[in-house]
Each structure stands twice: as C-alpha cells, then as structure tokens.
Amino acid sequence: MPHISLNNLSISYGNHKVLHEVSVDIPDSQITVIIGPSGCGKTTLLKSLNRLLDLNDDVSVKGNVLIDGVNTYDPKADVLSLRKKLGFLSQRPYPLPMSIYDNIAFGPKVHRLTQEQIVQQIRDLEGRSFQVPERKNGAMDVLVESYLRLAGLWDEVKDRLRTPASRLSIGQQQRLALARALAVEPEAILADEPTSALDPLSAQLIEKQFKFLRNNYTIVVVTHILRQARRIADYVIFLYLGELVEHGPAESFFKSPKDERTRAYISGEIS
Ligand SMILES: Nc1ncnc2c1ncn2[C@@H]1O[C@H](COP(=O)(O)OP(=O)(O)O)[C@@H](O)[C@H]1O
Ligand SMILES: [Mg+2]
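Not measured: the values here are computed from a predicted model.

*Asks:* I would appreciate a short explanation of the pattern of salt bridges in the present structure.
*Replies:* Any two side chains of opposite charge can pair, so long as their charged atoms come close to each other. The full count for this structure, using the stated rule, is 14 salt bridges. Measuring nitrogen to oxygen at the nearest pair gives 2.8 Å for the salt bridge that ties Lys17 to Glu21. Of the residues examined, Glu21 reaches a relative accessible area of 43% and is grouped as partly exposed. Across the pair Asp54 and Arg51 runs a salt bridge, and its minimum N-O distance is 2.8 Å. Its relative accessible area of 13% is what places Arg51 among the buried residues. Each of Glu243, Asp259 and Arg261 takes part in a single network of salt bridges with overlapping partners.

*Asks:* So what exactly am I meant to see when it comes to the packing of helix α3 (residues 100–110) against helix α7 (residues 170–182) here?
*Replies:* Here α3 crosses α7 at 30°, and the two axes come no closer than 7 Å. Accordingly, the angle class assigned to the pair α3 and α7 is roughly parallel. In this structure, α3 meets α7 at a crossing whose hand is right-handed. Only Leu176, Ala179 and Arg180 of α7 make contact with α3, whose side of the interface consists of Ile100, Asn103 and Ile104. When the residues that make up the contact of α3 with α7 are grouped by side-chain class, the tally is four nonpolar, one polar and one charged.

Rules used in this analysis
- Residues numbered from 1 in each chain as written.
- Chains lettered and ligands numbered in written order.
- Predicted model: local features only at pLDDT ≥ 70, side-chain atom pairs only at ≥ 80, totals over all residues.
- Heavy atoms only, no water.
- Salt bridge = Lys/Arg side-chain N within 4 Å of Asp/Glu carboxyl O.
- Buried < 20%, exposed > 50% of the residue type's maximum accessible area, 1.4 Å probe, protein only.
- Axes fitted to C-alpha atoms, helices over the stretch in contact; angles between N-to-C directions.
- Helix = DSSP H or I, 4+ residues; strand = E, 2+ residues; numbered from the N terminus.
- Parallel < 35°, antiparallel > 145°, perpendicular 65-115°, else oblique.
- Left-handed = near helix turned anticlockwise from the far one by under 90°.
- Contact = heavy atoms within 4.5 Å.
- Nonpolar A, V, L, I, M, F, W, Y, C, P; charged D, E, K, R; others polar.

Pasting the structure below:
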C-alpha cells in the first residue's frame, strides 16, 4: 500500500493560487473522501497526487507530495510508474473503442506482461482472498474475469465479453473503468466525482465496490455530495476556498467538527 503524504502543498494556475499550504497524510487501506464546494480545489488536489496536473501547462507546484517517501515532484520521479501505482477514475467513463474483454486486457498487454507474470498476478489476487475463477481457460481470461468481478460487473457482462464496451450503460462503463484501472495493479485508486454522471442505482454500485475494495487498496474519492461522503468515508478531508480546513476520521468529523466552517458546511448552512 502506498503511503501518501502532502507537505505544504501549494498549487497555482498562472498567478491564481488555488491550493494553500496543504499538509495531510492519507491513511492506507481506507476510503478517504475529499469534500468541499465546487471550485475549492478538490480536483486539483487529487490530480496533484499522480501528476495528472502536469497536463495543464501554466500550473506551478510548491511543497511536495510523498508517495512511499519519494517526492512525486522530484524532476527525476518516474511519472509513468507513479500513474500505474495510483489509478485514476474520472467523472465520466471513457471506454476504449474495443470489446469489453479487450478493455480489461489492454493494460496488462500494454505493460507486456509475460504468461508467467500474468499467472503471478492471478496468484497475488488469490493471496488477497479475492474470488478468482478456476484456471480452465487461458490466464488472460482468468485475469479479465477476476477484474470484472472486483468491479462488480462480471455477472452483467459475462455473456457478451466480445461486444463493444460502448454498448454498456454509463453506469456499467464506470465499473468497467474501475476494472480497467484495477487491471494494471495499482496500489491506490483516485476517483474524481466518479458517480456524478450516474443514476442513483449505478452510483450505489460504485460505492459498494469501493467498500468491497477498501481493505486492499487506498481509495481517495472526491465528492461534493455530503450524503455520499457519510456513506463511504473512513476519513474526511474538507477543503474550503483552497484551504484545508479540517481532516480526520469520518465519525468524529461528522459528529463533532472542530472548525466553525466545517460545522456550517455539514449542516448545510454554506455550500
Ligand atoms: N486548468 C486550469 N486553469 C486555470 N484555473 C483552473 C484550472 N483548473 C481549475 N482552475 C481553477 O482552480 C480552482 C479550483 O478548481 P478545482 O480544483 O477544479 O476545484 P473543484 O474540483 O473543487 O471544483 C477554481 O477556481 C478553478 O476555476
Ligand atoms: Mg472538481
């Protein structure tokens, strides 16, 4: 599990500073939820963790993000392996223009896993007590089925694995995106409002999978839906106007907030 730690992290777009000296440790093997009103810097914070922010050209970062003690913003940092370690789910799913099966097999293929490595990956899944099908088929079939199960999608797609992923409903596509993220064996999943484009039932299925996965992955979810935060959070980070106002275990955060702004936010007085 990666240990993620932010130290005095400040981020600006041009000369607009949107994140102010944020320091916080993100607990391993739990669901951390980042909440706060629109525009307060949630996406910026999330994307800073695996350097997806680099895709903006006028962004500047001060302070640091340590992943397992290694500074993400060290010029020598290996950005590709960082992004492999911290998988990302965006607001809308973007399935690859290929079959359901190939969407999942894509990652392992891109990383050119050998047959031996695929078998090892299957053993790792078994080692974490995940349900893995019998190995009567090829190893890649086993891997694809395993990740579709981890994403809670297998039963809905097992009879149409070779059909285009684009035919799935958007809710199913989001779980496919989760399966695809898991297939490159990340240690953490970063999700930016992953249910905002989904109907309530599909949203519930994503929440259920996060809870199912939380002991084995560090999960960081951005949301502006307080009820969702209450349902899934083990740990909460509250941002307001780019400032880290309060953070802590979900129970005490919601029950006895320390900061007046937190109290006002969770009671709905400010949004
Ligand atoms: N690429 C960008 N260029 C300039 N400003 C940006 C960019 N992305 C976000 N911002 C600004 O940074 C602030 C924080 O945005 P964001 O991190 O997206 O907040 P949130 O996800 O909480 O809605 C907002 O004021 C937003 O307008
Ligand atoms: Mg956002």
